[in-house]
Amino acid sequence: MASLKEMRSRIGSVKATQKITKAMQMVAAAKLKRAQNAAESARPYAERMANVIANLAQGVAGSDSAPALLVGRQQVNAHLVVVATADRGLCGGFNTSIVRKAREQIKSIEEQGKTVRILCVGKKGYDQLRRQHGSKIVDTFDLSAAKRLSLQDAQPIADRILDLFDKGDVDAVSLIHAQFKSVISQVPTAKSLIPADLTGAGDLDMAGAAYEYEPEEGEILETLLPRNLSTQILSALLENAAGEQGARMQAMDSATRNAGDMINDLTLQYNRTRQAQITKELIEIISGAEAL
Amino acid sequence: MTETITFHLVAPESEVFAGEVESVTAPGSEGDFGVFKGHAPFMTTLREGTVSVMHGGKRQDFAIHGGFADVTPTQVTVLAEAVEREPAA
């Protein structure tokens, strides 16, 4: 049985931990609000971009001149997997579930006999993938310095991907990130970046209209596709940021509750021990007095 | 003539402007253009410059940094890579 003093300090330390987790939870809640707003206000741009590209894609689909960024290469030898995770831990299973999804993806690509290259965005993904897949990681990006994510943060990532693609080092690119469903639910999702995934584009009111293009359709597509890449990455990063805060808030909430339970248990135990000690002392005094 | 068109100016981080305007002028990569209601549908890339809208007889300018515009008879959408709002002149 631990001494009373030990138990007292134990309770004290759990209380201190609870204060920290509670503070983290509140910070996460505040950041979540901001991240959620950012993710939502970035949505119109990404949606319109996807619509326009889907529209243009209909025009060039099937022709030989269709850009490789849109339709992909016929011979896919190397596949680039972009793993977007958070830079910090203490957010429950958030990073782990993204990395798990990435591992599945990597495995299934390797089973098809293709080479896998990995691009890590966020420190935690790199830490977890380094041991098993270290040799395949081509680059890592650390975004922890960016306070507010903007297109400027997504651009270097897109540039690096385009660079790899243009050099022929990779032939297809997919992105793994957490889709922000709600505060309590973030689903790790894989999305194809090259070839461009156009299934998400909404119905087009402009379909069939005699459109004029300035410059030519192909040229517009050529400038739009790289931009679409960075836009997609940005929206993935924003969703990730919101998801991370949501996951952290949840994790810290349950940590706070756990600490509360622990404090209750320890306090009960502490009081019992103290009571038992008093009783024991009383018995000793009484039996001592009787013996006289 | 008070016919209006719907104008959206969207930056990557947020929607900067959405509303009914009388006309839009934008710097197309192959020449500036103005749009009133009923314009033929077309699509163009934009260069750096100023997008101005007229609404309620007042002009409002936005400095944009590249992007593209999608014009239909009733609607103009400008997707800009970066937007800065200029004080209404």
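Preceding this paragraph is the structure being described.
Notes on the structure in this doc start here. (Residues numbered from 1 in each chain as written. Chains lettered and ligands numbered in written order. Predicted model: local features only at pLDDT ≥ 70, side-chain atom pairs only at ≥ 80, totals over all residues. Heavy atoms only, no water.)

**Looking at the overall build of chain A**
- Check the secondary structure of chain A and you find seven helices and six strands.
- If you list the helices and strands of chain A from N to C, you get α-α-α-β-α-β-α-β-α-β-β-β-α.
- In terms of overall dimensions, chain A is more spread out than a globule: its C-alpha atoms have a radius of gyration of 28 Å, far above the 19 Å expected for 292 residues.
- When the 292 residues of chain A are sorted by exposure, 41% land in the buried category.
- Contacts in chain A between residues far apart in sequence, at least 24 positions, make up 76% of those at least 6 positions apart.
- Of the roughly 15,700 Å² of accessible surface on chain A, 50% is carried by carbon and sulfur atoms.
- Each charge sign in chain A was given a centre, from 36 positive and 34 negative side chains, and these centres are 12 Å apart. (Helix = DSSP H or I, 4+ residues; strand = E, 2+ residues; numbered from the N terminus. Rg over C-alpha atoms; globule rule 2.2 N^0.38 Å. Buried < 20%, exposed > 50% of the residue type's maximum accessible area, 1.4 Å probe, protein only. Contact = heavy atoms within 4.5 Å. Areas by Shrake-Rupley, 256 points an atom, 1.4 Å probe, with all protein chains shown as cover. Lys, Arg positive; Asp, Glu negative; His and termini not counted. Charge placed at Lys NZ, Arg CZ, Asp CG, Glu CD.)

**Concerning the overall build of chain B**
- A count of helices and strands for chain B gives zero helices and 10 strands.
- Each helix and strand of chain B, ordered N terminal to C terminal, gives the series β-β-β-β-β-β-β-β-β-β.
- Whereas a compact globule of 89 residues would reach a radius of gyration of roughly 12 Å, chain B reaches 12 Å, a difference of no more than 12%.
- Overall, the C-alpha framework of chain B stretches about 30 × 30 × 20 Å when taken along its three principal axes.

**With respect to empty space enclosed by the protein**
All names here are of chain A.
- With the rule as written, the count across this model stands at one cavity of 30 Å³ or more.
- Its boundaries defined by the atoms lining it, the largest cavity holds a volume of some 70 Å³.
- Lining of the largest cavity is provided by Leu69, Ser192, Leu193, Ile194, Ala196, Asp197, Leu225, Asn228, Leu229 and Gln232.
- When contributions to the lining of the largest cavity are tallied by element, the ones reaching two or more residues are strand S5 (185–194) and helix H7 (217–291).
- Tallying contributions element by element places H7 first for the lining of the largest cavity, with four residues.
- Residues that form the lining of the largest cavity fall into these classes: six nonpolar, three polar and one charged. (1 Å grid on protein atoms, 1.4 Å probe; cavity = no way out; pocket = protein on both sides within 12 Å on 5 of 7 lines; lining within 4 Å. Points joined across faces, edges and corners; volume = space filled by probe spheres on them. Nonpolar A, V, L, I, M, F, W, Y, C, P; charged D, E, K, R; others polar.)

**With respect to the layout of surface pockets**
All names here are of chain A.
- Approximately 920 Å³ is the volume found for the largest pocket.
- In terms of lining residues, the largest pocket is bounded by 33 residues, among which Ala146, Lys147, Ala241, Glu244 and Gln245 are the most central.
- Contributions of two or more residues to the lining of the largest pocket are made by helix H1 (4–41) and H7.
- The element contributing the most residues to the lining of the largest pocket is H1, with eight residues.
- Split into classes, the residues belonging to the lining of the largest pocket amount to 16 nonpolar, eight polar and nine charged.

**Quick word on the pairing of strand S3 (residues 137–141) of chain A**
Residue and element names in this part refer to chain A.
- In the sheet, strand S2 (residues 115–121) pairs with S3 via four bridges, with the strands oriented parallel. Residue pairing for S3: leucine 119 is matched across the bridge by aspartate 139.
- Traced from S2 through helix H5 (residues 123–133) to S3, the parallel crossover comes out right-handed. (Pairing = 2+ DSSP bridges. Right-handed = clockwise from strand over helix to strand, strands pointing away.)

**Examining helix H4 (residues 94–111) of chain A**
- If you check H4(A), its first and last C-alpha atoms are 26 Å apart, about what 18 residues at 1.5 Å a residue would give, namely 26 Å.
- As for H4(A), its buried residues are in contact with strand S1 (78–84), S2, H5, strand S4 (172–182), S5 and H7 of chain A. (Expected span 1.5 Å × (residues − 1).)

**Concerning a negative patch on the surface**
- Together, A:Glu216, A:Glu219, A:Glu222 and B:Glu30 make up a negatively charged patch on the protein surface.
- Within the fold, A:Glu216 resides in the loop between strand S6 (212–214) and H7. (Patch = residues over 30% accessible without salt bridge, like charges linked within 9 Å, V, L, I, M, F, W, Y side chains within 5 Å. Salt bridge = Lys/Arg side-chain N within 4 Å of Asp/Glu carboxyl O.)

**Examining the interface of chain A and chain B**
- At the junction of the two partners, chain A supplies 26 residues and chain B supplies 24 residues.
- Taken over both partners, the interface formed by chain A and chain B buries close to 2,100 Å², and the fraction arising from carbon and sulfur atoms is 61%.
- Of all residues in chain A, the largest losses of buried area upon contact with chain B belong to A:Tyr45, A:Arg48 and A:Glu214, amounting jointly to 33% of the total for that side.
- Ionic pairing is found between B:Glu81 and A:Arg227, a salt bridge with its closest N-O pair at 2.4 Å.
- Viewed at the interface, chain B and chain A are joined by five residue pairs in polar contact (both at pLDDT 80 or more).
- Counting residues per element, the side of chain A that touches chain B draws most heavily on helix H2 (residues 43–60) of chain A, at seven residues.
- Here the side of chain A that touches chain B is composed, by residue class, of 18 nonpolar, four polar and four charged.
- Strand direction decides the pairing type here: S6(A) and strand S5 (residues 42–46) of chain B, joined by three bridges, are parallel. Opposite A:Glu212, over in S5(B), you have B:Phe42 as the bridge partner. (Buried area = accessible area lost by both parts, 1.4 Å probe. Polar contact = N/O pair within 3.5 Å; in protein donor to acceptor, adjacent residues only side chain to side chain.)

**Quick look at the packing of helix H6 (residues 151–167) of chain A against H7(A)**
Residues and elements named next belong to chain A.
- Contact geometry for H6 and H7: axes closest at 8 Å, N-to-C directions at 125°. Judged by the angle between their axes, H6 and H7 are oblique. When you trace H6 past H7, the crossing you get is right-handed. When H6 is examined against H7, the residues Leu151, Ala154, Gln155, Ile157, Ala158, Ile161 and Leu162 are found in contact with a partner set consisting of Pro226, Leu229, Ser230, Thr231, Ile233, Leu234 and Leu237.
- Across the contact of H6 with H7, the residue classes break down as 11 nonpolar, three polar and no charged. (Axes fitted to C-alpha atoms, helices over the stretch in contact; angles between N-to-C directions. Parallel < 35°, antiparallel > 145°, perpendicular 65-115°, else oblique. Left-handed = near helix turned anticlockwise from the far one by under 90°.)

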